[in-house]
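This is what each chain is made of:
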Amino acid sequence: MALTYDPELAPLLNRMRKAWEKQLKTGKGDLSGVGRLLTDSADTPQSGADFPAKEVSCNKVTTFSSDGMPVTMHWYTPAPQDSSGAAVLYLHGSGLAAPATLYDNLLLRYVGATNVPFLHVAYRIAPELPYPAAIEDSFAALEWLVEHATNYNIDPERIAVMGNSAGGGLAASVALKARDWGIPLKKQILIYPILNNHTGIPDPALQSLVAWEYAWYATAWQGYLGKYAFTEALPPYAVPAQADNLKDLPPAYIEVGDLDIFRDQTIRYAGRLARSGSNIELQVRPGCPHGFEWI
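Residues numbered from 1 in each chain as written. Predicted model: local features only at pLDDT ≥ 70, side-chain atom pairs only at ≥ 80, totals over all residues. Heavy atoms only, no water.

**Topic: helix 7 (residues 263-275)**
Compared with an ideal rise of 1.5 Å per residue, which puts 13 residues at 18 Å, helix 7 spans 19 Å between its outermost C-alpha atoms and is within 8% of the ideal. Residues of helix 7 that are buried: R263, Q265, T266, Y269, A270, G271 and L273. Of the surrounding secondary structure, the elements contacted by the buried residues of helix 7 are helix 5 (166-181), strand 6 (187-191), helix 6 (214-225), strand 7 (252-257) and strand 8 (280-285). Phi turns positive one or two residues past the end of helix 7, at G277, with a value near 105 degrees. (Helix = DSSP H or I, 4+ residues; strand = E, 2+ residues; numbered from the N terminus. Expected span 1.5 Å × (residues − 1). Buried < 20%, exposed > 50% of the residue type's maximum accessible area, 1.4 Å probe, protein only. Contact = heavy atoms within 4.5 Å.)

Okay, structure coming up:
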């Protein structure tokens, strides 16, 4: 049987694809164009759109990256706050090319639904600021959260790192760096993550259904890694799937749709984590393309 969208998602996904058809070529070789396309489509219904923002407060805080540049972070606090002391460091997606504000509604939903505070990092975006800006900014935010945990009634040993799409890849990289720097994380939550700079052979069965194009994928890595984009000689923490050692990482929740071009690499990464001794929960959602969680 041919692959199809989940019936609940199909009407909106079909409308979205028609609206994007004339713009899809924009993304080939132009990461800034991808960022503009995603930002322009921000009025697409999102999962947080109907969530009452008054139940969640948001304040800006600042830290400094390894190169001394300031990093803006958005601290979302629920009312009431979960008493367990848990907190989440959140890294947004959109090809490392779109601003953090694109994810305001989604963060409102996550925080309101869980009563757990989230620290959302406005890391510097490519191609103007390529590797290592995003990973260094994200790791600096984790260090800030650990350092200030008790000020916000957070248990420094109950911090998770979470991200979607390119942010999922960053979250996986932060988990690797945190392990190496001796910062304990409670969990890594990877939502349809971009983990590998090699897509493999395009799957013709997915081509008419994908919500993240193969051309955008290549463009995102090119814009982020530059000369390293499609080589094996990668700098540290640049591409999680190319890491040699996945041992001693926190438990992982990993989710991807079966219509996502990142499906196979996500499943492989989950398998590597399991074989390296990590507890994992892997959810492969039938009929769901990249970005389904926004709908």
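What follows continues from the structure just given.
**A closer look at the environment of V256**
Of note, V256 is situated in strand 7. Taking C-alpha positions, V256 is 9.0 Å from P286, a pair spaced 30 residues apart along the chain. Among all residues touching V256, those that are not within four sequence positions of it are Y192, F262, R263, T266, Q283, V284, R285 and F292.

**Quick look at the pattern of salt bridges**
Two side chains of opposite charge can pair, provided their charged atoms sit close to one another. The full count for this structure, using the stated rule, is 7 salt bridges. R124 is the partner of D137 in a salt bridge, and the nearest nitrogen-oxygen pair spans 2.8 Å. Remark: R124 occurs in the loop between strand 4 (118-122) and helix 4 (133-147) and D137 occurs in helix 4; sequence separation between them is 13 residues. A residue is classified by how much of its surface remains accessible, and D137, at 0% relative accessible area, is buried. (Salt bridge = Lys/Arg side-chain N within 4 Å of Asp/Glu carboxyl O.)

**Regarding a nonpolar patch on the surface**
A surface patch of nonpolar side chains, amounting to about 250 Å² of accessible area, comprises I267, I280, L282 and V284. No other element matches the 3 residues that strand 8 contributes to the nonpolar patch. (Patch = residues over 30% accessible without salt bridge, like charges linked within 9 Å, V, L, I, M, F, W, Y side chains within 5 Å. Areas by Shrake-Rupley, 256 points an atom, 1.4 Å probe, with all protein chains shown as cover.)

**Quick notes on the packing of aromatic side chains**
For the structure on display, the rule yields 9 aromatic pairs. Grouped by ring-pair contacts, the aromatic residues W75, W144 and Y152 constitute a single cluster. (Phe/Tyr/Trp six-rings, centres within 6.5 Å; stacked < 30°, edge-to-face > 60°.)

**Section: the nonpolar core**
Formed by 90 residues in total, the largest nonpolar core has its most connected members in L89, F118, L119, L142, Y224 and Y269. Considering each element in turn, this core owes the most residues, 8 residues, to helix 5. For L89, the residues in contact, after removing those within four places along its chain, are L119, V121, S138, A141, L142, L145, A160, V161, M162 and V174. (Core = buried A, V, L, I, M, F, W, Y, C linked by side-chain atoms within 4.5 Å.)

**As for the pairing of strand 5 (residues 159-164)**
Within strand 5, 6 of the 6 residues are buried, leaving the element largely enclosed by the surrounding structure. What you see with strand 5 is no split at all: I159, V161 and G163 on one side and A160, M162 and N164 on the other are buried throughout. Note that strand 3 (residues 87-91) and strand 5 share 5 bridges and pair parallel. For Y90, the partnering residue across the bridge sits in strand 5 and is M162. In the sheet, strand 5 pairs with strand 6 via 5 bridges, with the strands oriented parallel. Paired with A160 across the bridge in strand 6 is K187. (Pairing = 2+ DSSP bridges.)

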